[in-house]
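Reading the structure
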Amino acid sequence: MTTAARTLHRELGAELWNAARTRRPVPPVSIRYPRLGLADAYAIQSEVRALEVASGAGLAGLKIGATSEVIQKMFGIDHPDFGYLTDRMVLPDGVLLDLRGFISPKVEGEIAFRMAEDLSGPAVTAQDVLDATTAVCPVLEVLDSRIEAWEIGLVDTVADNASSAAAVVGSGVAPDTTDLAAARMVLRSGDTEYTGSGSAVMGHPAESVACLVRILAEFGTGISAGDLVLAGSWSGAVDLLPGQEVHASFGVLGSVSMRTQD
């Protein structure tokens, strides 16, 4: 990597980090710098993460995104992407969310894996993930884009931490409580109801996490014990509006909810 490339990565990382702090989105990176590729996007994301840690945040886990074929086709890729979670992003069940802390937030329902063991390597399987998991938790992931009007391509969303902003996390249950692929979700937002199933996430949520581990192996890293890993949305994202209650039920896996301030 050239010095010029590293300098650009730092500049764009600082720009995205400041956009989140000031709630002022920036023009799409991919339009301004069309030669940037996926490796550049992850380098920019790394710069944003470093700024978060330097400001006092602690790393809490990871999220995998673009787990559906529809999203992958939209971005022109054949595999998911990923981002990071910090302790500032992880919020308790029932939280009252102030939307003034976001730019243009959306929410989606999924489950997260709480890891009991480290996992790494290019051959990790879904069963390896289940064996290394201490609990699965219902989650409402709050998405936000620091890119103007959500005009994002692959480089934009990856650089911008896979568009992740927060995760509202419910109580965990043992991963063998039920067949995660067959589990159903009902997400209610205001008067609207959405449904989804675990099989929507690469056939099985644990396969999604295994895929993440295999991708991380290309970066020489993996998942650590204690990490919270968001495994991908079970349905589409919903706009978050003031004075709204959002509730997601996953049957025997439990439920999670949040409210937004008026």
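This section reports on the structure supplied with the text. (Residues numbered from 1 in each chain as written. Predicted model: local features only at pLDDT ≥ 70, side-chain atom pairs only at ≥ 80, totals over all residues. Heavy atoms only, no water.)

Examining the sheet that holds strand 13 (residues 255-260)
- Within the open sheet, the 5 strands sit side by side as 4-13-12-8-9. Their pairing is mixed. With partners counted over all chains shown, the strands left at the sheet margins are strand 4 (95-97) and strand 9 (192-197), one partner each. Across the sheet, the axes of successive neighbouring strands diverge by a mean angle of 20°, strand direction being ignored.
- Pairing of strand 12 (residues 245-249) with strand 13 involves 5 bridges; the strand directions are antiparallel. Bridging from a neighbouring strand, H247 pairs with S257 of strand 13. (Pairing = 2+ DSSP bridges. Helix = DSSP H or I, 4+ residues; strand = E, 2+ residues; numbered from the N terminus. Axes fitted to C-alpha atoms, helices over the stretch in contact; angles between N-to-C directions.)

Regarding the packing of aromatic side chains
- Evaluation of the coordinates by the stated rule reveals 4 aromatic pairs.
- Their ring planes at 70° and their centres at 5.1 Å tell us that Y42 and F219 sit as a pair that is edge-to-face. Within this pair, whereas Y42 is found in helix 3 (residues 38-54), its partner F219 is found in the loop between helix 7 (205-217) and strand 10 (228-230), the two being separated by 177 residues in sequence.
- Using a relative accessible area of 9% as the deciding quantity, one classes Y42 as buried.
- Taking 5.0 Å as the distance between ring centres and 80° as the angle between the ring planes, the aromatic pair formed by W234 and F250 counts as edge-to-face. Here W234, found in the loop between strand 10 and strand 11 (238-239), pairs with F250, found in the loop between strand 12 and strand 13; they are 16 residues apart in sequence, far enough to count as distant. (Phe/Tyr/Trp six-rings, centres within 6.5 Å; stacked < 30°, edge-to-face > 60°. Buried < 20%, exposed > 50% of the residue type's maximum accessible area, 1.4 Å probe, protein only.)

Some words on helix 1 (residues 3-22)
- In a regular helix each residue adds 1.5 Å, so 20 residues correspond to 28 Å; helix 1 covers 28 Å between its end C-alpha atoms and thus fits that length.
- Buried residues along helix 1 sit in contact with helix 2 (29-32), helix 3 and helix 6 (154-159).
- Two residues or fewer past helix 1, R23 is found with a positive phi of approximately 60°. (Expected span 1.5 Å × (residues − 1). Contact = heavy atoms within 4.5 Å.)

What to know about a negative patch on the surface
- A cluster of acidic residues, E117, D118, D128 and D131, forms a negative patch at the surface.
- Under the relative-accessibility criterion, E117 is labelled partly exposed at 44%. (Patch = residues over 30% accessible without salt bridge, like charges linked within 9 Å, V, L, I, M, F, W, Y side chains within 5 Å. Areas by Shrake-Rupley, 256 points an atom, 1.4 Å probe, with all protein chains shown as cover. Salt bridge = Lys/Arg side-chain N within 4 Å of Asp/Glu carboxyl O. Lys, Arg positive; Asp, Glu negative; His and termini not counted. Charge placed at Lys NZ, Arg CZ, Asp CG, Glu CD.)

Here we look at the side chain of D227
- Positionally, D227 belongs in the loop between helix 7 and strand 10.
- Of the buried charged residues, D227 lacks a salt bridge, with R114 as the closest side chain of opposite charge at 7.0 Å.
- Within the structure, D227 has its side chain in polar contact with the backbone nitrogen of S224 (distance 2.9 Å).
- Those residues in contact with D227 that sit more than four places away from it in its chain are A60, G61, L62, F113, R114 and M115. (Polar contact = N/O pair within 3.5 Å; in protein donor to acceptor, adjacent residues only side chain to side chain.)

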